[in-house]
Amino acid sequence: MTFTKKNETLLFAVLVVLRCWGCEAFTVTLRPLSNPAQTSVAFVIQRRPLRHLAMSEDDDDDDGDEPLSKGIDSVSWLPSVMESSTVASPAPNAEDTELLPLFPLGGIVYTPNSEHILNIFEPRYRQMYTDILMNGTRRFVVSMSHPSEPGRFAQTGVLFELKDLKEVSEQTKDQIKYICSHKVTRRVKLHRVLNPEAWKARDTYLRVEGTILPDDDTNSDSNEEPNKNDVYGFITAAMSDPQEKSLRKAFAKLVDIQHELEEDVRFTRASVLTLAVKPGSGTDGLWQTIRLWQSFVDQRLMARQNELQKDFQEKLQSFLKQDRGLKDGELPGMIGFSDLTPALQKEVKELQKRMAVELEPLILESTLTMQKLLEAKDHSERLKLMQFFIDAETKRLTTKRTLQGMFATASLDEVVKDELPPKEDSPKEELKNSSSTTSSIFDEPDAFQ
């Protein structure tokens, strides 16, 4: 797992949960400060209710080409447990439905064929694990929680299967009961919560009625996975389906513009040749690319957070060195909010607000993107959605490139105007030559790979 990291210093509690920090398919470059600080000021960004997420300038809800045009309502949700009644004698309504434990894990979207470790400490979930061990099912459902309505869950979740469990009560003085390893195996469509009163009472875990969806992504022409080192094999396999070919082409276009703009977080060029786009759960399956995209968005959010806190980081260093008389090697690992000057406390609060305004919509967009991919009915629909999100990122970077060119030209006009002799007869020709020289700024080779 290779990243180019020039500065890993974090000043604040990370709002984004990073699911896949290491990944060979993209590069992260965090631009360093002149004197990286070692001191942290931890705070939490308070969440505010968000009903809709603006994904484009056009707010027309009838736009069928925009998968997230309705914001939070673009994905399917169960009714709130606050509005549901208890089912007296729960029994499956149909042959294909099952009664399953529900383990809400916040606003995180998990995807099939991934693995996760959970620490279990709440009494109700200790009981849940005891139950699934005793009855032999060893599985439960995880579904994303609604970002602004407690007790409401996404209608499509995933099935966690317990692979390993370790009892650690003695080592942790009973603060943690189990450390459990799981694999996400299937998707599940939830129909109803059977005991909604448990949400408030917290005396037991929720139970749901749901349908374990068939793995419709197993219709590959061949059951044999291509050799991961066989680049030609990956390329040939991808050419067999027009949608898959189109997705690969869109991804290649995105990677090109990322490298042209030298984005701090970007995919490697090698990832274009090995992009996983096929049905199924193998190394060439589309779910691999979906998880890769999820990790990429997380890293981009982290980079943006670092940018927002850069100015404050410099001021914090100055405060510790000048007011406290500390040297670089003496900087503490963390400083309390009350220990800051009133001016710095004010800046922390302002930074909190700014990060909430700028990052929270991006986090929500990322979450809804993954949930939309999860609830897609089949491989074809997931390919279409994945291409839409890749094209949207390409469009964003294209706009960024255009703006950079405009500002670069405007700045060059001012420089040429200031430097030209008063009676020069051909200013346009000199400007043309200068422009051609500076245009190479966007064509420099990759500096971080």
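Residues numbered from 1 in each chain as written. Predicted model: local features only at pLDDT ≥ 70, side-chain atom pairs only at ≥ 80, totals over all residues. Heavy atoms only, no water.

Undergrad: I'm lost on empty space enclosed by the protein in this one. Help?
TA: Any empty space left between the atoms is revealed when a probe the size of a water molecule rolls over them. Under the counting rule described, the total for this entry stands at two cavities of 30 Å³ or more. Looking at the second largest cavity, its volume works out to about 40 Å³. What lines the second largest cavity is Ile108, Val109, Tyr110, Val142, Ser143, Met144, Thr156, Gly157, Val158, Gln371 and Leu374. Looking at the lining of the second largest cavity, the elements that each hand over two or more residues are strand 5 (156-167) and helix 8 (342-375). A per-element tally of the lining of the second largest cavity places strand 5 first, with three residues. (1 Å grid on protein atoms, 1.4 Å probe; cavity = no way out; pocket = protein on both sides within 12 Å on 5 of 7 lines; lining within 4 Å. Points joined across faces, edges and corners; volume = space filled by probe spheres on them. Helix = DSSP H or I, 4+ residues; strand = E, 2+ residues; numbered from the N terminus.)

Undergrad: It is not clear to me how the nonpolar core should be interpreted in this structure. Could you clarify?
TA: The nonpolar side chains of a soluble globular protein tend to be buried, and buried together. With 73 residues, the main nonpolar core has Phe103, Tyr129, Phe140 and Trp293 as its most contacted residues. Here this core gets eleven residues from one element, more than from any other, and that element is helix 8. Both domain 1 (73-86 + 93-213) and domain 2 (239-408) contribute no fewer than three residues apiece to this core. Excluding residues within four positions of it along the chain, Phe140 makes contact with Pro101, Phe103, Leu118, Met128, Tyr129, Ile132, Val158, Leu159, Phe160 and His182. (Core = buried A, V, L, I, M, F, W, Y, C linked by side-chain atoms within 4.5 Å. Buried < 20%, exposed > 50% of the residue type's maximum accessible area, 1.4 Å probe, protein only. Domains from an automatic or database assignment. Contact = heavy atoms within 4.5 Å.)

Undergrad: Sorry if this is basic, but what is going on with the packing of aromatic side chains here?
TA: What describes a pair of aromatic rings is the distance from one ring centre to the other and the angle between the planes of the rings. Summed over the entire model, instances satisfying the criterion amount to twelve aromatic pairs. A ring pair is formed by Phe103 and Phe140, whose centres lie 5.7 Å apart and whose planes are at 50°; its orientation type is tilted. Placement of the pair is Phe103 in the loop between strand 2 (97-102) and strand 3 (115-120) and Phe140 in strand 4 (residues 139-142), with a sequence separation of 37 residues. Comparing Phe103 with Phe140, the two get one shared label, buried. Pairing Tyr129 with Phe140 gives two aromatic rings, centres 5.6 Å apart and planes at 65°, and the pair type is edge-to-face. Here Tyr129 is found in helix 1 (residues 123-134), whereas its partner Phe140 is found in strand 4, with eleven residues between them in sequence. (Phe/Tyr/Trp six-rings, centres within 6.5 Å; stacked < 30°, edge-to-face > 60°.)

Undergrad: Quick question: what am I supposed to make of the environment of Leu68 here?
TA: Looking at the element boundaries, Leu68 is found in the loop between strand 1 (26-28) and strand 2. In this structure Leu68 comes out as buried when scored by relative accessible area, which is 0%. A sequence separation of 301 residues divides Leu68 from Thr369, and the C-alpha atoms of the two residues are 7.6 Å apart.

Undergrad: I keep staring at the pattern of salt bridges and nothing clicks. Help me out?
TA: Oppositely charged side chains are able to pair whenever their charged atoms sit close together. For the structure shown, the criterion picks out 20 salt bridges. With a shortest N-O distance of 3.9 Å, Lys163 and Glu161 are connected by a salt bridge. Of the charged contacts in the structure, one is a salt bridge between Lys177 and Glu167, with a shortest N-O distance of 3.3 Å. Note that Lys177 is positioned in the loop between strand 5 and strand 6 (178-193) and Glu167 in strand 5, a separation of ten residues in sequence. Within the structure, one salt-bridge network assembled from shared partners comprises Glu263, Arg300, Glu393, Arg396 and Lys400. (Salt bridge = Lys/Arg side-chain N within 4 Å of Asp/Glu carboxyl O.)

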